[in-house]
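Each chain, written out:
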Amino acid sequence: MSGVITLSNGKTFKGQWHGKASAIQGEIVFFTGMTGYEEVLTDPSYKGQIVVFSYPLIGQYGIESLYAQSDLIQAAGIIVANLYEGPLCKDAISLAEFADTHHIPILSGVDTRSIIQSIRDSGTMQSQLLHNTLSELAWESVQTHFFLATQSDQELQTIGTGMTHIGLIDFHYKSSILKQLLLLDCKVTIIPYATSTEQLDRFELDGLLFSNGPGDPAALQSLFPIYRDWAERYPSFGICLGHQVLASAFGAKTAKLAYGHRGANHPVMNMQTKRVSMSSQNHSYVVENDSLTQTPFSALYKNVNDDSIEGLIHDTLPITTVQFHPEAAPGPTDHLELFQHFLNVAKQQEGVKVHA
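Values in this document were obtained by computation on a predicted structure and should not be read as measured data.

Enquirer: Give me the sheet that holds strand S17 (residues 297-303): which residues, what numbers.
Expert: In spatial order, the strands read S10-S12-S11-S13-S14-S19-S18-S17-S15-S16; together these 10 strands make up an open sheet with mixed pairing. Of all strands in the sheet, those bounded by a partner on one side alone are strand S10 (157-159) and strand S16 (276-287). Taken pair by pair, the neighbouring strands of this sheet meet at an average axis angle of 25 degrees, ignoring direction. Relative to S16, strand S15 (residues 254-270) is paired through 10 bridges, and the arrangement is antiparallel. When the bridges of S16 are listed, proline 267 appears paired with methionine 278. Sheet contacts for helix H4 (residues 175-183): S10, strand S11 (164-170), strand S12 (186-192), strand S13 (207-210) and strand S14 (236-239); angle to S12, the most-contacted strand, approximately 150 degrees.

Here you go:
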């Protein structure tokens, strides 16, 4: 069966359709990593997006649940140049089977290089992924954020038995973030993003990790004063959307990049050590450099390619944020030490509470 991807700039690309006939509209983005399609597709930060993989062969090692970042495929559609369907090791299923189970279409045999060039020229845009038996959709405004700013006092889940108790502020977190905290012997309580301060304080937490998540941080604007209050009272670490939310809570502004950073090979520089390291990234929005002058933050990391902000450090409080993913999954593990640094600060706080 054949299908087509149509971009809102008018360009159309044909390919081979895999899955049930469907018609989907979503924001089209591209991922530049050679591996990691399992992690990408299940990463909640890709929620509702149509993902183009730049590497020419995708699916070559199948799918294993060990690497999933959530229970579902979060992307709305998948576009590849060549789709590998077997043979695979006995414990893996094919990417096509995995996508079909989650009712997500794949378009293969596509000129992905030209699609990516079009996105780089025109910027991230809406697109329609269509089976050839279906007519084109009416172009509509599509949701770009996934948060309702309402209070929630639901029962919270605590995992692990470690001495250091971390609250994971859940903006739709990747499972690898939780796994890394548990590997470092933490007790972790999952805190929904709209939890009340009263409920959060009951847990006597040693620190807060503000997670990644999809869409525009401005969707959480009504909660920024609450997050600022939390960060002023608990050692805090922000990752990706969590970085943008903490920066915004203290007065910084964010802007949308033309086509975002998505891949496992983005060089960043630590502005204190001048050391360059490789990072895994997935984001559309960035903190505006000029807006930092009105905040108590300084740039900790910058992107080597475009000089955009990749991390912040508070001038006086134990707050650190990074735009990239130190837990990798997929990508290099150059920044795993950031988790340990955060926990060292949280343990100091733990000691203060013991002796208070």
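Enquirer: Lay out unusual backbone geometry in plain terms, naming residues and giving numbers.
Expert: With an omega dihedral of 0 degrees, the bond running from glycine 86 to proline 87 counts as a cis peptide bond. In this fold, proline 87 is placed in the loop between strand S7 (82-83) and helix H2 (95-101). The phi dihedral of histidine 172 falls on the positive side, at around 90 degrees, and the residue is not glycine. Structurally, histidine 172 can be placed in the loop between S11 and H4. The partly exposed category is assigned to histidine 172, whose relative accessible area is 31%. The phi dihedral of aspartate 185 falls on the positive side, at around 65 degrees, and the residue is not glycine. Its place among the elements puts aspartate 185 in the loop between H4 and S12. A residue is classified by how much of its surface remains accessible, and aspartate 185, at 54% relative accessible area, is exposed.

Thresholds, definitions, all that
- Residues numbered from 1 in each chain as written.
- Predicted model: local features only at pLDDT ≥ 70, side-chain atom pairs only at ≥ 80, totals over all residues.
- Heavy atoms only, no water.
- Pairing = 2+ DSSP bridges.
- Helix = DSSP H or I, 4+ residues; strand = E, 2+ residues; numbered from the N terminus.
- Axes fitted to C-alpha atoms, helices over the stretch in contact; angles between N-to-C directions.
- Contact = heavy atoms within 4.5 Å.
- Buried < 20%, exposed > 50% of the residue type's maximum accessible area, 1.4 Å probe, protein only.

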